[in-house]
Amino acid sequence: MALPKEPRQKMINIMYLVLTAILALNVSAEVINAFKTVDNSLRNSNDNITLSNATLYSSLDKKKGEPTSAAQAAIWAPKAEAAKRLSKEMMDYIDDLKKQLKEGSGLRMIEKDGQQVEDYKMDGLDASTRLFETKGKGPEFEAKLVAYKTAMLNIDSTISRQFATTLPIDVTPPISQEGHKKDFTSSYFHMTPTIAALTMLSKFQNNIKNAESQIVTYCHNKVGQVEVHMDKAAVLVSQSSNYLMPNDKLTIKAGVGAYSSAASAVISINGQNVSVSEGVGQTELTASGSGAHTVVVRVQYLDENKVMQTKEEKIEYTVGTPGGSAVMLDKMNVFYIGVPNPVTISSGTGWEKTKVSMQGGTISGNTGKFTVSVSGGTTASITVNADGKASTFPFRVKRIPDPIFKVGSGKVRMPSVEFKTQSYCRADLEYFDFEAKYSINGGSVYFSGANFPSPVGPLSINSNSLEGLRQYINRCGPGSVVTFENIKVTGPDGTRVIEGKSIALY
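Because the structure is a prediction, the values reported are computed rather than measured.

### Quick look at the overall build of the protein
Then comes step 1: Check the secondary structure of the protein and you find ten helices and 27 strands.
Then comes step 2: Put simply, the protein has 506 residues, and 41% of those count as buried.
Then comes step 3: Residue pairs at least 24 apart in sequence account for 66% of intrachain contacts in the protein once pairs closer than 6 positions are excluded.
Then comes step 4: Carbon and sulfur atoms provide 51% of the accessible area of the protein, an area that totals close to 26,700 Å².

### Brief notes about helix α5 (residues 137-153)
Because each turn of an α-helix spans 3.6 residues, side chains separated by three or four positions end up pointing in the same direction.
Then comes step 1: Its 17 residues give α5 an end-to-end C-alpha distance of 24 Å, which sits within 8% of 24 Å, the value for a rise of 1.5 Å per residue.
Then comes step 2: Within α5 the residues assigned to the buried category are Gly138, Phe141, Leu145, Tyr148, Met152 and Leu153. Projection of α5 onto a plane perpendicular to its axis shows the buried side chains occupying an angular sector of 125°, all on one side.
Then comes step 3: Those residues of α5 that are buried are in contact with α3 (70-104), α4 (126-134), α6 (157-163), α7 (184-189) and α8 (194-221).

### Re the pairing of strand β27 (residues 501-505)
Then comes step 1: The alternating pattern of β27 places Lys501, Ile503 and Leu505 on a buried face, while none of Ser502 and Ala504, on the opposite face, is buried.
Then comes step 2: Looking at chain direction, strand β21 (residues 413-414) and β27 are connected through two bridges and run parallel. Each residue of the ladder has a partner; that of arginine 413, found in β27, is alanine 504.
Then comes step 3: For strand β25 (residues 480-491) and β27, the ladder comprises four bridges, and the chain directions are antiparallel. For valine 482, the partnering residue across the bridge sits in β27 and is isoleucine 503.

### With respect to the sheet that holds strand β19 (residues 389-398)
Then comes step 1: In spatial order, the strands read β13-β19-β18-β15; together these four strands make up an open sheet with mixed pairing. One side of each edge strand has no neighbouring strand; the edge strands of this open sheet are β13 (334-336) and β15 (354-359). When strand polarity is set aside, the average angle formed by the axes of neighbouring strands in this sheet is 30°.
Then comes step 2: The pairing of β15 with strand β18 (residues 379-386) spans six bridges and is classified as antiparallel. In the strand pairing of β18, threonine 354 is matched with alanine 386.

### Points about the packing of α3 against α5
Then comes step 1: Interaxial distance between α3 and α5 falls to 10 Å at its minimum, and their mutual angle equals 165°. Classified by the angle their axes make, α3 and α5 are roughly antiparallel. Our pair here, α3 against α5, has a crossing hand that is left-handed. Contacts between α3 and α5 involve Ala83, Leu86, Ser87, Met90, Tyr93, Ile94, Leu97 and Gln100 from the first element and Lys137, Glu140, Phe141, Lys144, Leu145, Tyr148, Ala151 and Met152 from the second.
Then comes step 2: Classifying every residue of the contact of α3 with α5 gives eleven nonpolar, two polar and three charged.

### Let's talk about the packing of aromatic side chains
Then comes step 1: Tallied over the full model, the rule gives 19 aromatic pairs.
Then comes step 2: Where tyrosine 188 meets phenylalanine 189, the ring centres are 6.4 Å apart and the plane angle is 65°; that geometry is what we call edge-to-face. Residues tyrosine 188 and phenylalanine 189 agree in their burial class; the two are buried.
Then comes step 3: Ring centres of phenylalanine 432 and phenylalanine 434 lie 5.3 Å apart, and the angle between their planes is 35°; on these two criteria the pair is classed as tilted. Each member of the pair, phenylalanine 432 as well as phenylalanine 434, carries the same accessibility label: buried.
Then comes step 4: Feature note: the residues Tyr93, Phe132, Phe141, Phe184, Tyr188, Phe189 and Phe204 constitute an aromatic cluster, connected by ring pairs.
Then comes step 5: Here lysine 79 stacks its cationic end above the ring of tryptophan 76, 5.6 Å away from the centre of that ring.
Then comes step 6: Lying across the ring of tyrosine 93, lysine 144 places its NZ or CZ 5.0 Å from the centre.

### Digging into the nonpolar core
Then comes step 1: By size, the foremost hydrophobic cluster in this structure holds 47 residues, and its most contacted members are Phe141, Leu145 and Ile215.
Then comes step 2: For this core, the secondary structure elements donating two or more residues are α2 (29-63), α3, α4, α5, α6, α7 and α8.
Then comes step 3: Considering every element that reaches this core, the biggest residue donor is α3, with 13 residues.
Then comes step 4: Every residue in contact with leucine 145, bar those within four places of it in the chain, is listed here: Met90, Ile169, Val171, Phe184, Phe204 and Ile208.
Then comes step 5: Core analysis: the second largest hydrophobic core is formed by 34 residues, Val334, Val407, Phe419 and Val445 among them.

### Brief notes about the confidence of the model for the protein
Then comes step 1: The pLDDT averaged across the protein works out to 81; a share of 79% of its residues lies at or above 70.
Then comes step 2: Across residues 226-232 the pLDDT falls below 50, and counting only partners more than four positions away or on other chains, this stretch makes 23 contacts in the model.

### Considering the side chain of lysine 98
Then comes step 1: Position of lysine 98 among the secondary structure elements: in helix α3.
Then comes step 2: With no salt bridge to any partner, buried lysine 98 finds its closest opposite charge in aspartate 39, at an N-O distance of 4.6 Å.
Then comes step 3: Reaching out from lysine 98, the side chain makes a polar contact with the side chain of serine 202 at a distance of 2.7 Å.
Then comes step 4: Of the polar contacts made by the side chain of lysine 98, one reaches the side chain of glutamine 205; its length is 2.8 Å.
Then comes step 5: Ignoring any residue separated from it by four or fewer positions in sequence, one finds lysine 98 in contact with Arg43, Leu198, Leu201, Ser202 and Gln205.

### Thoughts on the pattern of salt bridges
Then comes step 1: In total, this model carries 19 salt bridges according to the counting rule given.
Then comes step 2: A salt bridge links glutamate 118 to lysine 102, with the nearest nitrogen and oxygen atoms 2.7 Å apart. Linking glutamate 118 in strand β2 (residues 115-119) with lysine 102 in helix α3, this pair joins segments that are 16 residues apart in sequence.
Then comes step 3: When its relative accessible area of 40% is taken as the criterion, glutamate 118 is described as partly exposed.
Then comes step 4: Between aspartate 428 and arginine 426 there is a salt bridge, and its shortest N-O distance comes to 2.8 Å.
Then comes step 5: Connected via shared salt-bridge partners are Arg399, Asp402, Asp493 and Arg496.

Cut-offs and rules
- Residues numbered from 1 in each chain as written.
- Predicted model: local features only at pLDDT ≥ 70, side-chain atom pairs only at ≥ 80, totals over all residues.
- Heavy atoms only, no water.
- Helix = DSSP H or I, 4+ residues; strand = E, 2+ residues; numbered from the N terminus.
- Buried < 20%, exposed > 50% of the residue type's maximum accessible area, 1.4 Å probe, protein only.
- Contact = heavy atoms within 4.5 Å.
- Areas by Shrake-Rupley, 256 points an atom, 1.4 Å probe, with all protein chains shown as cover.
- Expected span 1.5 Å × (residues − 1).
- Arc of directions from axis to C-beta.
- Pairing = 2+ DSSP bridges.
- Axes fitted to C-alpha atoms, helices over the stretch in contact; angles between N-to-C directions.
- Parallel < 35°, antiparallel > 145°, perpendicular 65-115°, else oblique.
- Left-handed = near helix turned anticlockwise from the far one by under 90°.
- Nonpolar A, V, L, I, M, F, W, Y, C, P; charged D, E, K, R; others polar.
- Phe/Tyr/Trp six-rings, centres within 6.5 Å; stacked < 30°, edge-to-face > 60°.
- Lys NZ or Arg CZ within 6 Å of the ring centre and 35° of its normal.
- Core = buried A, V, L, I, M, F, W, Y, C linked by side-chain atoms within 4.5 Å.
- pLDDT = per-residue confidence, 0-100.
- Lys, Arg positive; Asp, Glu negative; His and termini not counted.
- Salt bridge = Lys/Arg side-chain N within 4 Å of Asp/Glu carboxyl O.
- Polar contact = N/O pair within 3.5 Å; in protein donor to acceptor, adjacent residues only side chain to side chain.

Here's what the structure looks like:
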């Protein structure tokens, strides 16, 4: 499409393209909230692992002063401290990346519920690309993760042999939906919403915390068991994962941070008592129902003064969409009345095991590409049944925005010679991605100003044609005003009245 010669019209066309791109890249509030939930869960898990690691460091420090363990502690405590130092450096580095990412998304402090909280553009798509691609932080981050893993394994040769294949630091990018293999930066941070990039950084921090825990636990086991006085006992809770799919198994372990056989610990998880072995209770739950979930862990034990203590902790996790199924709108996050809405639906179990149905509209198509039609209402939903596991996805239903009434260039000020050459009026949809046409079937027209000593009107139009007004159009000159009101238009979603326009001629 050639650009117009008039500079102002060029600018309008460019703004149209930019706004269209913005609408196409809009990230829904539901997606933002999902990433916030997962990010909070990951950060809570990191805090729990930090508490567990602190107990191990305290025990190693104590063992350095005990005759029976001093020799081994002198060897392994410094190795544990090396793991602690390397992990802290990586955690601090990632925290700095998070800060830069937020600042690139307009970070500011606002007051909410009487407290100062961070506020930034969570759905922005350019900040992560700018930081990790343009400024080169993506390759730098990847290199630091690889160097961190290498340094952790090099702490001791036995650590390298033990954890060479199991240390949870992996920078291998996943294969894209198109089957292509992208590099680390493009896979995780190219055109990624800010909140999603922050969640990914929290995920790598979780990997680092788990790697630190594995190495420190290994070092401590080379010395002996944890020994902590019961007067400052803490309830320790761990979980096998923060994010599961339906029917995945979630393993929860709970116990007293400083165990004594006299503690007589009683542990319940989700209201059910579990068996306790060496101060630790364990259970396995089956994930079901997508979204965020909470499990309450209750621990009762006798302290050194033979007083029964009770403490509770909460385990939080998120269950994803069953069967790998997902629903994505190809244009924007609503269904529009009267036009075909293209939808892509994916299923991780194969289409021979997948059925798709809809409430509030009709859906047609197969093998991933579907078309939705809605005729009214405010909400609709699509249900994907993948291998017997059903998930329902809700959507909004909206009417197509009002088209804009135009004559010629559509300007409200127009040269009289230009206006007098016009034979048609029209109703155009602006900044709307769908193909939808509207025709004019009614309206009132008034002529006033220069060459009209007395206002003329109302005159009528009943189509896009202006030829029925030709004798008055030919009388127009500089200073004339032509007003169009009560414009009735018909489109794919029916008939409506839209706003008219007054055109001043010069």
